[in-house]
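Examining the three-dimensional arrangement
Each chain is listed here by its residues.
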Amino acid sequence: AGYVKGGAVGGSMRPSGQLLRGLYYGYDPGTLYLRIESNEPVDSIALSLYFVNPSADRMNWHFRRLDEKVEAVNGAGLAWALEVIPREPRALLFKAEGHEIWRLDREIANLARSEKVLELAIPLSYLGLDVGDTVGLIVIGEKEGVLEKLPPFGPLLFTLRERF
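These lines cover the structure that appears in this document, whether it is placed above or below. (Residues numbered from 1 in each chain as written. Predicted model: local features only at pLDDT ≥ 70, side-chain atom pairs only at ≥ 80, totals over all residues. Heavy atoms only, no water.)

1. Let's talk about the environment of Pro-123
Inspection of the secondary structure puts Pro-123 in strand β9 (residues 117–123). As for Pro-123 and Tyr-27, which are separated by 96 residues in sequence, their C-alpha atoms are 9.4 Å apart. Setting aside chain neighbours within four positions, we find Pro-123 in contact with Gly-30, Thr-31 and Asn-110. (Helix = DSSP H or I, 4+ residues; strand = E, 2+ residues; numbered from the N terminus. Contact = heavy atoms within 4.5 Å.)

In structure tokens form, the structure reads like this:
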């Protein structure tokens, strides 16, 4: 289990605030658990999660809805994108098909939310992951032109170990 603290990182082209307070993450042998905490109501933020899986058969190098390229992580790009549907108890999981094409793979209903917290439980098999694999994760929050990433610089990387 781990925690990544949010922080405002802006630039001349994209303003930034403090939308995302932090990300807790953990797993068991079958499921990845994520808890995103925000400073704004969760339903007012467009939330997307991107997963890097170095063993994925196909990858994309751009985020699904942003015109921004991803830095390679050990030669790997983005394998999966999860978009949270505001005000609904579900999210949509997209699989990278290569050539910047994203295909809807399935709907995920294993989520809970309160005003400023979103919790997700994602079966590792949905992401093509297993114990022993290394996974990268990037969370993007966007509201009214304000964009934030967690972590702010590059993906969070961790290895799914048998013992936690």
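2. Concerning empty space enclosed by the protein
Tallying each qualifying case throughout the model produces one cavity of 30 Å³ or more. Forming the boundary of the largest cavity are Val-42, Asp-43, Ile-45, Leu-47, Val-84, Pro-86 and Arg-113. Of the residues contributing to the lining of the largest cavity, the split by class is five nonpolar, no polar and two charged. (1 Å grid on protein atoms, 1.4 Å probe; cavity = no way out; pocket = protein on both sides within 12 Å on 5 of 7 lines; lining within 4 Å. Points joined across faces, edges and corners; volume = space filled by probe spheres on them. Nonpolar A, V, L, I, M, F, W, Y, C, P; charged D, E, K, R; others polar.)

3. Topic: the pairing of strand β10 (residues 134–143)
Within β10, eight of the 10 residues are buried, which leaves it mostly tucked inside the rest of the structure. Of the strand pairs in this sheet, strand β4 (residues 46–52) and β10 are connected by seven bridges, and their pairing is antiparallel. Looking at β10, one finds that Ala-46 is bridged to Glu-142. As paired strands, β10 and strand β12 (residues 156–159) are joined by four bridges and run antiparallel to one another. For Val-135, the partnering residue across the bridge sits in β12 and is Phe-158. Of the strand pairs in this sheet, β10 and strand β11 (residues 146–150) are connected by five bridges, and their pairing is antiparallel. What sits directly across from Gly-141, in β11, is Glu-148. In this antiparallel pair of consecutive strands, β10 and β11, the connection spans two residues, and Glu-144 shows a positive phi of 50°. (Buried < 20%, exposed > 50% of the residue type's maximum accessible area, 1.4 Å probe, protein only. Pairing = 2+ DSSP bridges.)

4. Regarding the nonpolar core
Among the nonpolar cores identified, the biggest contains 54 residues, and Leu-23, Leu-34, Leu-49, Phe-51, Leu-82, Leu-120 and Val-139 are the most heavily contacted of them. Setting aside anything within four residues of it in sequence, one finds Leu-82 in contact with Leu-47, Ser-48, Leu-49, Phe-51, Ala-91, Leu-92, Leu-93, Ile-108, Leu-120 and Ile-122. (Core = buried A, V, L, I, M, F, W, Y, C linked by side-chain atoms within 4.5 Å.)

5. Things to note about the pattern of salt bridges
Per the counting criterion, the structure on display carries 12 salt bridges. For the salt bridge of Arg-64 with Glu-83, the shortest nitrogen-to-oxygen distance reads 2.6 Å. Linking Arg-64 in the loop between β4 and β5 (78–84) with Glu-83 in strand β5, this pair joins segments that are 19 residues apart in sequence. Here Arg-64 falls in the partly exposed class, since its relative accessible area comes to 27%. Residue Glu-88 is joined to Arg-90 by a salt bridge in which the shortest nitrogen-to-oxygen separation is 2.5 Å. The partly exposed category is assigned to Glu-88, whose relative accessible area is 31%. In the salt-bridge network here, residues are joined through shared partners; they are Arg-58, Glu-97, Arg-103, Asp-105 and Arg-106. (Salt bridge = Lys/Arg side-chain N within 4 Å of Asp/Glu carboxyl O.)

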